[in-house]
Amino acid sequence: RSFGNVKTGPDGLKIQEEREPLTDVFDEDDIITVIMEMPGVSKEDINISVKKDMLEVVAVHGKKRYRKEIMLNLNVEEHRVSDKYVNGVLEVVLRKRIDVA
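Presented here is an overview of the structure given in this document. (Residues numbered from 1 in each chain as written. Predicted model: local features only at pLDDT ≥ 70, side-chain atom pairs only at ≥ 80, totals over all residues. Heavy atoms only, no water.)

A few words now on the sheet that holds strand β6 (residues 54-61). What the three strands build is an open sheet, ordered β5-β6-β7; its pairing is antiparallel. A strand with exactly one partner marks an edge of an open sheet, and here the two such strands are β5 (46-51) and β7 (64-71). The average angle at which neighbouring strand axes cross in this sheet is 10 degrees, direction not considered. The pairing of β5 with β6 spans six bridges and is antiparallel. (Pairing = 2+ DSSP bridges. Helix = DSSP H or I, 4+ residues; strand = E, 2+ residues; numbered from the N terminus. Axes fitted to C-alpha atoms, helices over the stretch in contact; angles between N-to-C directions.)

In structure tokens:
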């Protein structure tokens, strides 16, 4: 499996400018917490977007570039996303959408 900025393609291994951050996803009762290691950028460099069941995080600071898409396999409340970035670690908290019948 590809890791970091080394990707496997038809021509073998390639090193890309964009890195995939190390990521942990925790699925708890009514929230999902995503932890990403993205050293070398500032909070202002990070763009987080959520659309239904997809989380995308992009960070660009000079030559440092990170990008990660995570399929969440359930819908989340797109407008209730919180995040914090401390010492190179990003924490994103998403609230699960509870559909009432």
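Moving on, we get to the sheet that holds strand β4 (residues 31-37). Within a sheet, each strand pairs with its neighbour through backbone hydrogen bonds, oriented either parallel or antiparallel. Pairing within the open sheet is antiparallel, and its four strands lie in the order β3-β4-β9-β8. One side of each edge strand has no neighbouring strand; the edge strands of this open sheet are β3 (22-27) and β8 (76-86). On average, each strand axis in the sheet is inclined to that of its neighbour by 15 degrees, with strand direction left out of account. Here six bridges tie β3 to β4, and the two strands are oriented antiparallel to one another. If you follow T23 over to β4, its bridge partner there is M36.

Attention shifts here to the environment of I70. Along the chain, I70 turns up in strand β7. Apart from the residues within four sequence positions on either side, I70 is in contact with T23, V25, V34, M36, D53, M54 and L55. (Contact = heavy atoms within 4.5 Å.)

Once that is clear, we can look at the pairing of β4. In terms of burial, β4 is a largely internal element, five of the seven residues being buried. Between the end of β3 and the start of β4, which pair antiparallel, lie three residues. In the sheet, β4 pairs with strand β9 (residues 89-96) via seven bridges, with the strands oriented antiparallel. From the neighbouring strand, I35 faces β9, where its bridge partner is E91. (Buried < 20%, exposed > 50% of the residue type's maximum accessible area, 1.4 Å probe, protein only.)

This part covers the pattern of salt bridges. Side-chain pairing between opposite charges can occur once the charged atoms of the two side chains come close. With the rule as written, the count across this model stands at six salt bridges. Between K68 and E20 there is a salt bridge whose closest N-O contact spans 2.7 Å. With K68 in strand β7 and E20 in the loop between β2 (12-15) and β3, the pair connects residues that are 48 residues apart, well separated along the chain. With a relative accessible area of 13%, K68 lands in the buried category. R80 is the salt-bridge partner of E77, the closest N and O atoms lying 3.3 Å from each other. Under the relative-accessibility criterion, E77 is labelled partly exposed at 24%. Given the relative accessible area of 45%, R80 is considered partly exposed. Salt bridges sharing common partners tie together E56, R67 and E69. (Salt bridge = Lys/Arg side-chain N within 4 Å of Asp/Glu carboxyl O.)

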